[in-house]
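Working through the structure, step by step
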Amino acid sequence: MADVLAAAQVIDGPTEELLQRLSLATADLVPHRAVAQLASQCASTPVTAYGDPAVSGAITGADLAGLLGTVTAGHPWQGVIPIAGAQHPVLAISSDRAPRGSVVVFVLTDDRAVPVDQLQALWDVVTAHMYRLTLEREPGAIAQNRAVAEARNDLAAELGEAHAATLATILGVLRNQRIDDAAARTMAVELALNGLAELRTDTQRDRACSGEEPAGRAFDRLADSLRALLRHGPVELEVDAPGNDQLVPAAVAHAARVAVRSVVLAMLTQDDVRRIRVAWRWDGKELVSTVRDDGPGLLANVLDLGQLSERLRLHEGDLDLDAVPGWGLTARITVRTSQAPQTVTSDPLSPLGARELEVLERLSQGHRNRSIADDLHISESTVKFHVANILTKLAVASRTQAAALYHASAAV
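Residues numbered from 1 in each chain as written. Predicted model: local features only at pLDDT ≥ 70, side-chain atom pairs only at ≥ 80, totals over all residues. Heavy atoms only, no water.

Moving on: unusual backbone geometry. We note that His377 has phi near 60 degrees; this positive angle belongs to a residue other than glycine. The topology assignment puts His377 in the loop between helix H12 (369-376) and helix H13 (380-394). Among the residues examined, His377 registers a relative accessible area of 61% and is labelled exposed. (Helix = DSSP H or I, 4+ residues; strand = E, 2+ residues; numbered from the N terminus. Buried < 20%, exposed > 50% of the residue type's maximum accessible area, 1.4 Å probe, protein only.)

Pasting the structure below:
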């Protein structure tokens, strides 16, 4: 009964005060400094926060987007994330009671474990209530607002990644002990000027480009940009060009280049990475990019890739990550062409990749994440990432439903 009363208190009132009511209703259960939410179904104001102004005023979509892509509905996550340059203990709860999900994040007063069962049920109710309110608005206005917001978010992310690539290249020059100071300054100034010019023109040129281009030429453009990024650092680049020169839609090639650059930048933030390999495969319907490194193989090192995963998912793409401790990280990026005809299939498991099928098979046998990780020689956080993708691709709300779908498919 207490749970029902808490839910009623939270949803009963003006929408703009919902987080305030949620904070008050959970203050005793979860001591926190602030509470924030990211609701991807809300195009106009996807991020809201309430609480200590020093914390709530500093929270951005970039802080939370990674959690939206990696925290599984029904499986709250407690850990530490950066907010405004400082590390904060948080509790993140995801709900799938809206088509694109929502995440609430409690910025905790300390790192003590907190009870989560009641909070999960409460956030499911709140998410369903908020989604119902969005449906009551005019559908045309909702779709238009969402399209504008997604385009704006995509462009902002791409510009940010281009900016990060320029800074990483300049740092590579300045840190290179083989280049004397005068030459390093000259090269840094040149790189900065080139980066400014590219920020003004490159994204607009790519996005405005219509039609198609040969897959080999599109890949060469990616390879050239990555060579420039890694030229003055200790990381060696290996490239594997597509085995054909079929025409690929320019928009698909652009999306793949942006995604690969994001993954490479994330990999470069790790210690002990000495080699990165990039490959493309284009079959006329899907452009699959594979990026591998030889780093420590810890998914926690590249949590920000959850933001890329969510952006790809909004555009019917995929990001699959395999992290094997001691062996490295592998990212598989799939970008689909909107012109490709949809294949009609009776197999409900067809959206899953090979690794996801391996995880689902063991999940259907009742194995927990640790057991699956040990069996497949991957980390437990990688298993959680795959489980989140499985639930999304199969459009189910729980591991039990996913397992039932697997058994039903196997019985056919």
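From this point on, the discussion continues.
Regarding H12, the residues found buried are Asn369, Ile372, Ala373 and Leu376. Here the buried residues of H12 occupy an arc of 100 degrees about the axis, which is enough to place them on one side. Downstream of H12 by a residue or two, His377 has a phi angle that is positive, lying close to 60 degrees. (Arc of directions from axis to C-beta.)

Here we take up empty space enclosed by the protein. Using the criterion set out here, one finds 1 cavity of 30 Å³ or more in the structure. For the largest cavity, the calculated volume is near 50 Å³. What lines the largest cavity is Ser309, Arg313, Gly317, Asp318, Leu319, Asn389, Thr392 and Lys393. Of all the elements in the fold, those that place two or more residues in the lining of the largest cavity are helix H10 (305-314), strand S11 (318-324) and H13. It is H13 that provides the largest number of residues to the lining of the largest cavity, a total of 3 residues. Of the residues in the lining of the largest cavity, the class split is 1 nonpolar, 4 polar and 3 charged. (1 Å grid on protein atoms, 1.4 Å probe; cavity = no way out; pocket = protein on both sides within 12 Å on 5 of 7 lines; lining within 4 Å. Points joined across faces, edges and corners; volume = space filled by probe spheres on them. Nonpolar A, V, L, I, M, F, W, Y, C, P; charged D, E, K, R; others polar.)

Our focus in this paragraph is the pattern of salt bridges. With the rule as written, the count across this model stands at 19 salt bridges. Residues Arg336 and Asp318 are paired through a salt bridge, measuring 2.6 Å at the closest nitrogen-oxygen approach. With Arg336 in strand S12 (residues 328-336) and Asp318 in strand S11, this residue pair connects regions lying 18 residues apart in the sequence. Take Arg336: its relative accessible area is 31%, and that puts it in the partly exposed class. Residue Asp318 is classed as buried on the basis of its relative accessible area, which comes to 13%. (Salt bridge = Lys/Arg side-chain N within 4 Å of Asp/Glu carboxyl O.)

Moving on to the packing of helix H8 (residues 215-230) against helix H9 (residues 250-268). Between two packed helices, the angle of one axis relative to the other and the distance separating the axes together describe the packing. As a packed pair, H8 and H9 sit with axes 10 Å apart at the nearest point and diverge in direction by 25 degrees. In terms of axis orientation, H8 runs roughly parallel to H9. Between H8 and H9 the crossing geometry is right-handed. Along the contact surface, H8 presents Ala218, Arg221, Leu222, Leu226, Leu229 and Leu230, while H9 presents Ala253, Arg257, Val260, Val264, Leu265 and Leu268. Among the residues forming the contact of H8 with H9, the class breakdown is 10 nonpolar, no polar and 2 charged. (Axes fitted to C-alpha atoms, helices over the stretch in contact; angles between N-to-C directions. Parallel < 35°, antiparallel > 145°, perpendicular 65-115°, else oblique. Left-handed = near helix turned anticlockwise from the far one by under 90°. Contact = heavy atoms within 4.5 Å.)

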